[in-house]
Amino acid sequence: MFRLSAELSEELDTELLKTALEHTLARLPSFSCRLRKGMFWYYLEHIEGAPEILPDVSNPMTYFNVKENKGFLFRVRCCGSRLAVEFFHAVTDGSGGMTFLLTMISEYLRLRYEVKIPACGHVLSCGDMPKREEYEDSFLKYARKETLRRGERAAYQPRGAAMAPFEVSYIYGNVPTERLRSEAKKHDATVGEFVTAVLLQIAAKLQAGERSRAKRRLPVKVSVPVNLRRFYPTKTLRNFSSYINLGIETRLGSYSFDEILVQVKGVMKSQITEKQLNARFSGNVAAERLLPLRATPLFIKDPLMKLVYNLQGDRYSSLTFSNLGRIDVPDELRGYVKQLDFALGPANRKRCACTCVSYAGNSRFVFTRTFESPAIEREFFCTLVKRGIPVKVESNRR
């Protein structure tokens, strides 16, 4: 799961918000779906209505019963002036989710204040008809025959004493965007490259303190999601993202920050290309099209898919860094939206993730983890402060 939220300038009217949600779902029908189980595959089925708007909590993205949510694969939360939506990745990705959130806010403001907010970027007009290209499967559309194998070594993964079941730590850090960009430019790097290098250095430092020699010899890697829309003329709001794993071989020796950053920049330039990314997701599409796999009943596929996930999946990276980048909104909306947040739900194996979204001159980092030690985020924010970047930190835990 992942979560997108917005802090508005004043308290929300939940009754008007319900109407705005209904209008948004009518405009974006690809979000009105439930996951169904067929003989050979899971599939998404369109449903009518809208989920209930729930009160927000300090410990979000916990398990919820889809049936109790009327079958919808996203959950809407509201508290005071904060509006949040928690999505399953089967429905959409961060880009599509942001379009859903900002479109719903735009419609809510239209209903409450009769504000006319122009459709642009992530903001769509609920007065327009749904467009077929907005819910196309772009993986199928753009996949080609050539594929790449994904052989990788398992990565070192930080561990610690586990929290109570369904409990997640959220650490929020507010950073001035220009100060962050300025520091990255000093190293001739983008913000994404700079932050990835910082996280790799922190993970390597934690790994060096491990007692197990086997753990100390594993590579340290950060998984970085990539929005594929930047390479294709698609308007899909469904999931259309891939990822790359960037890392260092710590068994070869210790790395300075500059050495790590050189490797990060090199891998990003060589791997985040249309051809490389296409070959990666084309492999998944090709596997789905294999006749023996298509003809295998789901009760056999399920345990096999779980086995493949356990053997591969999250084993190949130490943690995740997902950056939605800078979000621009129309001037008419900017005065009502004070802050945007983006957070990833923790995976089973990879128990720590970092996200970032930049809005209105502020970059908002969110660390999620399910073990007690705050070593990763503490080291991260201390690193920024030592480099002259001011940080304001908040937490969902007392």
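Since we're looking at a predicted model, the values are computed, not measured.

(A) Region of interest: the overall build of the protein. When its secondary structure is counted, the protein shows 12 helices and 14 strands. Scaling as 2.2 N^0.38, a compact globule of 398 residues should have a C-alpha radius of gyration of about 21 Å, and the protein matches this with 21 Å. Here the C-alpha coordinates of the protein stretch approximately 60 × 55 × 40 Å along the principal axes. When each of the 398 residues of the protein is scored for burial, the buried share is 47%. Of the contacts made within the protein by residues no fewer than 6 positions apart, 75% connect residues no fewer than 24 positions apart. Only carbon and sulfur atoms are counted for the fraction: they give 53% of the accessible area of the protein, which is about 19600 Å². Within the protein, one finds 62 positive and 43 negative side-chain charges whose respective centroids are separated by 8 Å.

(B) Main features of the nonpolar core. In this structure, Leu199, Phe365, Phe367 and Phe380 are the most contacted members of the largest nonpolar core, which totals 51 residues. Once residues within four sequence positions are removed from consideration, Phe367 is found in contact with Ser169, Tyr170, Ile171, Leu199, Cys352, Ala353, Cys354, Ile376, Glu377, Phe380 and Phe381. Counting 47 residues, the second largest nonpolar core, distinct from the first, contains Phe74, Val91, Ile117 and Phe342.

(C) Quick look at the pairing of strand β12 (residues 352-359). For β12, the buried fraction is high: eight of the eight residues fall into the buried class. With burial as the criterion, each face of β12 is covered, one bearing Cys352, Cys354, Cys356 and Ser358 and the other bearing Ala353, Thr355, Val357 and Tyr359. Sheet topology note: the strand β10 (residues 319-326)/β12 ladder contains six bridges and is parallel. Within the sheet, the bridge partner assigned to Asn323 lies in β12 and is Cys356. The antiparallel hairpin formed by β12 and strand β13 (residues 362-369) contains two residues in its connecting segment, where Ala360 sits at a positive phi of about 55°.

(D) Region of the structure containing the packing of aromatic side chains. Scanning the model with the defined rule gives 22 aromatic pairs in all. Centre to centre, the rings of Tyr232 and Phe281 are 6.3 Å apart; their planes meet at 70°, and the pair counts as edge-to-face. With Tyr232 in the loop between β8 (220-227) and β9 (241-248) and Phe281 in helix α8 (residues 274-289), this residue pair connects regions lying 49 residues apart in the sequence. Overall, the relative accessible area of 2% leaves Phe281 in the buried class. Clustering of aromatic rings is evident, with ring pairs tying together Phe2, Phe31, Phe72, Phe74, Phe87, Phe100 and Phe342. One Lys or Arg, Lys301, reaches over the ring of Trp41 and ends 4.2 Å from the middle of that ring. One cation-aromatic arrangement involves Arg387 over Phe257; the distance from NZ or CZ to the ring centre is 4.4 Å.

(E) Seen up close, the pairing of strand β1 (residues 2-8). The element β1 is extensively covered by neighbouring structure, given that six of its seven residues are classed as buried. Direction of pairing for β1 relative to strand β6 (residues 82-87): antiparallel, over a ladder of six bridges. Paired with Leu4 across the strands is Val85, a residue of β6. Pairing of β1 with strand β11 (residues 337-344), which is carried by seven bridges, proceeds in the antiparallel orientation.

(F) Seen up close, the sheet that holds β6. Sheet architecture is open: five strands sit in the order β4-β5-β6-β1-β11, paired in mixed fashion. Edge strands, defined here as strands with exactly one partner in the open sheet, are β4 (53-55) and β11. Ignoring strand direction, the axes of neighbouring strands in this sheet form an average angle of 25°. Packing of helix α1 (residues 14-27) onto the sheet brings it into contact with β4, β5 (74-79) and β6, and relative to β5 it is tilted by some 155°. Running over the sheet, helix α2 (residues 94-113) touches β1, β5, β6 and β11 and is turned about 30° from β1.

(G) Main features of the side chain of Thr177. Mapped onto the fold, Thr177 is located in helix α4 (residues 177-186). With near-sequence residues (within four places) excluded, Thr177 lies in contact with Ser358, Gly361, Asn362 and Ser363.

(H) Up close: a nonpolar patch on the surface. Judged by side-chain polarity, Leu35, Tyr42, Leu44 and Met305 come together as a nonpolar surface patch covering roughly 350 Å² of accessible area. Of note, Leu35 is situated in strand β2 (residues 33-37). Take Leu35: its relative accessible area is 45%, and that puts it in the partly exposed class.

(I) View of the sheet that holds β9. Across the sheet, which stays open at both edges, the seven strands sit in the order β9-β8-β10-β12-β13-β7-β14 with mixed pairing between neighbours. The sheet terminates laterally at β9 and β14 (392-395), the two strands that pair on one side only. For this sheet, the mean inter-axis angle between neighbouring strands, taken without regard to orientation, is 20°. This element, α4, spans β7 (169-176), β10, β12 and β13 of the sheet and lies at about 80° to β7.

(J) A look at the packing of α1 against α2. Interaxial distance between α1 and α2 falls to 8 Å at its minimum, and their mutual angle equals 125°. By the angle between their directions, the pair α1 and α2 is classed as oblique. Pair α1 / α2 crosses with right-handed handedness. In this structure, α1 uses Leu16, Leu17, Thr19, Ala20, Leu21, His23, Thr24 and Leu25 to contact α2, whose residues at the interface are Phe100, Thr103, Met104, Glu107, Tyr108, Arg110, Leu111 and Arg112.

Cut-offs and rules
Residues numbered from 1 in each chain as written. Predicted model: local features only at pLDDT ≥ 70, side-chain atom pairs only at ≥ 80, totals over all residues. Heavy atoms only, no water. Helix = DSSP H or I, 4+ residues; strand = E, 2+ residues; numbered from the N terminus. Rg over C-alpha atoms; globule rule 2.2 N^0.38 Å. Buried < 20%, exposed > 50% of the residue type's maximum accessible area, 1.4 Å probe, protein only. Contact = heavy atoms within 4.5 Å. Areas by Shrake-Rupley, 256 points an atom, 1.4 Å probe, with all protein chains shown as cover. Lys, Arg positive; Asp, Glu negative; His and termini not counted. Charge placed at Lys NZ, Arg CZ, Asp CG, Glu CD. Core = buried A, V, L, I, M, F, W, Y, C linked by side-chain atoms within 4.5 Å. Pairing = 2+ DSSP bridges. Phe/Tyr/Trp six-rings, centres within 6.5 Å; stacked < 30°, edge-to-face > 60°. Lys NZ or Arg CZ within 6 Å of the ring centre and 35° of its normal. Axes fitted to C-alpha atoms, helices over the stretch in contact; angles between N-to-C directions. Patch = residues over 30% accessible without salt bridge, like charges linked within 9 Å, V, L, I, M, F, W, Y side chains within 5 Å. Salt bridge = Lys/Arg side-chain N within 4 Å of Asp/Glu carboxyl O. Parallel < 35°, antiparallel > 145°, perpendicular 65-115°, else oblique. Left-handed = near helix turned anticlockwise from the far one by under 90°.

In short, shape yes, function no, at least from these values alone.
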